[in-house]
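Here are the chains, one letter per residue:
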Amino acid sequence: MRQIRIAGLSVELTEAVRSTRLAPGYGHPVLAEVATGTGPCRSCFGLFEVGREERLLFTYQPDSGARTIGAPGPVFIHSDECVRHEGTEIPASLLSLPLLLEGRASDGTVLHSERSTGPDTREVVDGFLGDPRVDFVFLRHGEAGCHIARVERG
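Counting restarts for each chain: residues are numbered from 1 in the order of the written sequence. Reporting of local features is limited, given that this is a predicted model, to residues whose pLDDT is at least 70; pairs of side-chain atoms are given and counted only at 80 or more, and all residues count toward the totals for whole chains, interfaces and linings. Side-chain metrics rest on all non-hydrogen atoms present in the structure, leaving aside hydrogens and water.

Visitor: Quick rundown of the overall build of the protein chain? Include the residues and the values.
Guide: Helix and strand counts for the protein chain stand at three helices and nine strands. Working definition: helices are DSSP H or I runs of at least four residues, strands are E runs of at least two. Numbering for both runs from the N terminus. Listing each helix as α and each strand as β along the protein chain from the N terminus yields β-α-β-β-β-β-α-β-β-α-β-β. For the radius of gyration, the atom set is restricted to C-alpha positions; the globular benchmark scales as 2.2 Å times the number of residues to the power 0.38. For a compact globule of 154 residues, the expected C-alpha radius of gyration is about 15 Å, and the protein chain comes in at 15 Å, within 12% of that figure. Seen along its three principal axes, the alpha-carbon backbone of the protein chain occupies a region of about 40 × 30 × 25 Å. Relative accessibility thresholds used throughout: buried, under 20% of the residue-type maximum; exposed, over 50%; partly exposed, between the two (1.4 Å probe, protein chains only). Looking at the protein chain as a whole, 47% of its 154 residues are labelled buried. Using the Shrake-Rupley algorithm and a 1.4 Å probe, accessible areas are obtained, with residue cover drawn only from the displayed protein chains. Just so you have it, the protein chain exposes about 7700 Å², and 51% of that area is on carbon and sulfur atoms. Two residue types count as positive, namely Lys and Arg, and two as negative, namely Asp and Glu; His and chain ends fall outside the count. Charge positions are represented by NZ for Lys, CZ for Arg, CG for Asp and CD for Glu. Side chains of the protein chain carry 16 positive and 21 negative charges; the gap between the two charge centres is 4 Å.

Visitor: Please give an account of the sheet that holds strand β8 (residues 136-141) that cites residues and values.
Guide: Overall, antiparallel pairing links the six strands, which are arranged β5-β1-β9-β8-β6-β7 in an open sheet. Where the open sheet ends on each side, the last strands, each with one partner, are β5 (86-87) and β7 (110-116). Here the rule is simple: two strands pair whenever DSSP picks up at least two bridges between them. Pairing analysis gives six bridges linking strand β6 (residues 99-104) to β8, with the strands arranged antiparallel. Paired with L99 across the two strands is H141, which belongs to β8.

Visitor: Please give an account of helix α1 (residues 11-20) that cites residues and values.
Guide: Among the residues of α1, L13, T14, V17 and R18 are the ones counted as buried. Each buried residue of α1 lies within a common arc of 130° when the element is viewed along its axis, so the set occupies one face. Opposite the buried face of α1, at more than 90 degrees from it, the exposed residues are E12 and S19. Residue contacts follow a heavy-atom distance rule, with two residues in contact if any of their heavy atoms lie within 4.5 Å. Its buried side turned inward, α1 meets β3 (54-60) and β4 (73-78). Arc definition: it is the arc formed by the directions from the helix axis to the C-beta atoms.

Pasting the structure below:
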């Protein structure tokens, strides 16, 4: 398997969302709510406890290259500070979700796309990154389509 790197949204971005209650780049109001779904949090990648944890919902546009059409969408983070995930493996919490994986070139062009859930997801990511034209892989929620994370070669 190839070495990979995966990280949650930056601490600077999540701190700004928590303090201003505005979506970065858009200025839309952030919605605070008790979790009605599992998420995941785009900072720590933990799943939310439905009916118990408060989360913040906001519009987010991942940097995907100059040649692609913007695809902003809803994302969630914990209302309270959480520890940003930075690692070399896709967390088990994400592997439990239906995912849509997109192997992208540096300009954002989607070269490969596949749905996956479970441990086979790591093999799909590895296969995408085996293509020298692929610079990164976006993980998206396979049902909602929203951005979860960016995976790069380690």
